[in-house]
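# Coordinates in review
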Amino acid sequence: MEHSSHRQRGPHRHVTEALHFDGDVLRAIDQTLLPWQETELELRCAGDVVDAIKRLAIRGAPLIGVAAGYGLALELARDPLALERASDRLRAARPTAVNLAHAVDRVRSAAIDAGPGRAAGAALAAAQSIHAEEEAASAEIARHGADLLTAARRVLTHCNAGALAAPGRGTALAVIAELSDRGHLDAVLVTESRPLLQGARLTVYELARLGIVHELIVDGAAAGLIASGAVDAVVVGCDRVAANGDVANKVGTYGLALAAGAAGIPFVVAGPTSTIDPCCATAAQMVIEQRGPDEVRRLPAVSAAAGARELTLSGTRCRNPAFDVTPAALVTALVTERGVARPSLDGSVMALLR
Ligand code: MRU
């Protein structure tokens with residue numbers, strides 16, 4: 001990694017802070033090592049941030065947007081001529097979560113508008129605004145989601161849509177934490193979320209720190225448990241929402257939506273409006289990230305020093321889409337900081353942006 005180093009973090013705090021800006025360095029917890037090791041990365045330039053996003057040390061749609069904004073500001077402070085090159089590199093770090101492009105474009109515009117000599121300061125101010133807005137959005141999403149789900153006492157979530165994925169308490173996990181705070185929650189089921197185990201590693205880590213009782217299930221158990229009546233609502237995050245309400249989220253989400261629909265329980269998607277892409281009329285225009293085969297062939301390493309565990313014959317051919325698409329018709333509600341849309345109704349999602 002360029003210009004970065006590791007440092008052990010202090011004792012557990014209840015609220016996980018995935019990243020914070022510290023003068024001339026972006027400090028971010030290395031999510032590839034959680035929950036076994038709490039290690040902080042020090043990111044000092046756009047290249048450091050690109051690398052951290054690509055290898056999923058920083059991940060989750062809103063969080064990669066925030067990190068990329070700071071990455072561009074850090075780079076401009078080092079090299080005032082780096083704006084276009086750094087913007088292109090950051091934008092291309094991951095293709096599906098639209099928050100990344102939205103944040104880079106906003107920080108880039110702020111730098112251009114400020115003009116030479118003031119660009120770096122304007123870029124940093126824009127990055128900090130994005131960070132603050134996403135944190136505020138998390139609190140509103142929690143409130144709207146908990147208001148919507150007053151009847152849900154047993155929820156199932158997929159991947160990680162908590163504080164490790166978005167500022168504040170996250171998106172789907174913020175709703176779940178708010179339900180818990182209101183005393184409405186009896187059970188949380190967490191899917192492992194293969195291949196990189198964001199549920200088993202990250203959501204379990206966050207729920208344990210929050211003191212919210214939960215059970216981990218293998219991905220293949222989810223549909224049967226939903227059909228058996230063990231779940232009142234499925235609540236997930238999102239990486240990109242099309243204008244018509246189609247949702248891209250962690251691979252496996254579509255199957256959960258089908259199971260929820262068949263069982264007649266709500267399938268609720270939570271995310272900030274920065275995840276809505278008005279340029280995508282439907283999910284057909286979205287690029288779904290395809291990742292390498294070793295993520296499927298192996299289990300994540302439990303420490304920086306340990307090797308990954310082989311799961312199959314080396315060289316086995318694999319297909320590894322990181323996300324899938326849930327059609328709008330299967331989404332009961334999209335919970336954002338501006339309120340709740342009903343994606344199955346024409347125009348409901350776009351009305352949030354007006
Ligand atoms: O590949 P990841 O771990 O970045 O995927 C993350 C997800 O799919 C989350 O559910 C999504 O970004 C919502 S985060 C609040």
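Look above for the structure.
Attention here is on the structure that accompanies the text. Quick caveat: nothing in here was measured; it's all calculated off a predicted structure.

Next up on the list: the overall build of the chain. Tallying secondary structure elements over the chain gives 11 helices and 17 strands in all. Against the compact-globule benchmark of 20 Å for 354 residues, the chain has a radius of gyration of 19 Å, which places it among compact chains. The dimensions of the chain, computed from C-alpha atoms along their principal axes, are 60 × 50 × 40 Å. Here the chain, with 354 residues, has 54% of them falling under the buried criterion. Sequence separation of at least 24 residues holds for 73% of the intrachain contacts in the chain that already meet a minimum separation of 6. For the chain, the exposed area adds up to about 14,300 Å²; of that, 54% sits on carbon and sulfur atoms.

Consecutive residues of a regular strand have side chains that alternate between opposite faces of the sheet. The alternating pattern of strand β8 (residues 233–236) places A233 and V235 on one face and V234 and V236 on the opposite face, and all of these are buried. Two strands pair when backbone bridges link them, and strand β5 (residues 154–157) and β8 are joined in this way by 2 bridges, in the parallel orientation. Counterpart to L156 in the pairing with β8 is V234. Sheet analysis places β8 next to strand β11 (residues 267–270), joined by 3 bridges and oriented parallel.

Another point: the layout of surface pockets. The volume enclosed by the largest pocket comes to roughly 340 Å³. In terms of lining, the largest pocket is formed by 17 residues, of which the most central are T32, L196, E295, P300 and A301. Elements supplying a minimum of two residues to the lining of the largest pocket: α10 (294–297) and β13 (298–299). Among the residues making up the lining of the largest pocket, the classes are represented as 7 nonpolar, 3 polar and 7 charged. Its boundaries defined by the atoms lining it, the second largest pocket holds a volume of some 240 Å³. Lining the second largest pocket are 15 residues, and of these R106, I130, E133, E134 and S274 sit closest to its centre. Among the residues forming the lining of the second largest pocket, the class breakdown is 6 nonpolar, 5 polar and 4 charged.

Attention shifts here to the environment of D346. On the secondary structure map, D346 appears in the loop between β17 (339–341) and α11 (348–351). Sequence spacing of D346 and R78 is 268 residues, and the spatial spacing of their C-alpha atoms is 47 Å.

Take the site of the ligand next. Surrounding the ligand, one finds 17 residues, the nearest of these being R59, R94, D239, N249 and K250. The separation between an oxygen atom of the ligand and a polar side-chain atom of R59 is 2.5 Å. Take D239: an N or O atom from its side chain is 2.7 Å from an oxygen atom of the ligand. Protein chains bury 99% of the 420 Å² of accessible surface belonging to the ligand in isolation. The cavity where the ligand resides is the largest cavity. Broken down by secondary-structure element, the contributors of at least two residues to the shell around the ligand are α2 (61–78) and β10 (247–250). Partitioning the shell around the ligand into residue classes produces 7 nonpolar, 6 polar and 4 charged.

Moving on, we come to the sheet that holds strand β6 (residues 187–191). Judged by pairing direction, the sheet is mixed, and its 7 strands sit side by side in the order β7-β6-β5-β8-β11-β16-β17 without closing on themselves. Looking at strand neighbours, the two that pair on one side only are β7 (215–217) and β17, the edges of this open sheet. When strand polarity is set aside, the average angle formed by the axes of neighbouring strands in this sheet is 25°. With 3 bridges connecting them, strand β16 (residues 333–336) and β17 associate as antiparallel partners. Bridge pairing in β17 links T336 to G339. The strands touched by helix α5 (residues 119–148) within the sheet are β11, β16 and β17, with β16 carrying the most contacts at an inclination of about 145°. Set on the sheet, helix α6 (residues 172–181) makes contact with β5, β6, β8 and β11; between it and β5 the angle comes to about 160°.

Right, let's get into the pairing of strand β4 (residues 39–43). For β4, the tally of buried residues reaches 5 of 5 residues, placing the bulk of the element in the interior. By the alternation rule, side chains of β4 split into T39, L41 and L43 and E40 and E42, which are all buried. Relative to β4, strand β3 (residues 26–29) runs antiparallel, the two sharing 4 bridges. Bridged to L26 within β4 is L43.

Parameters at a glance
- Residues numbered from 1 in each chain as written.
- Predicted model: local features only at pLDDT ≥ 70, side-chain atom pairs only at ≥ 80, totals over all residues.
- Heavy atoms only, no water.
- Helix = DSSP H or I, 4+ residues; strand = E, 2+ residues; numbered from the N terminus.
- Rg over C-alpha atoms; globule rule 2.2 N^0.38 Å.
- Buried < 20%, exposed > 50% of the residue type's maximum accessible area, 1.4 Å probe, protein only.
- Contact = heavy atoms within 4.5 Å.
- Areas by Shrake-Rupley, 256 points an atom, 1.4 Å probe, with all protein chains shown as cover.
- Pairing = 2+ DSSP bridges.
- 1 Å grid on protein atoms, 1.4 Å probe; cavity = no way out; pocket = protein on both sides within 12 Å on 5 of 7 lines; lining within 4 Å.
- Points joined across faces, edges and corners; volume = space filled by probe spheres on them.
- Nonpolar A, V, L, I, M, F, W, Y, C, P; charged D, E, K, R; others polar.
- Near = heavy atom within 4 Å.
- Polar contact = N/O pair within 3.5 Å; in protein donor to acceptor, adjacent residues only side chain to side chain.
- Sits in = over half its atoms within 2 Å of the grid points.
- Axes fitted to C-alpha atoms, helices over the stretch in contact; angles between N-to-C directions.

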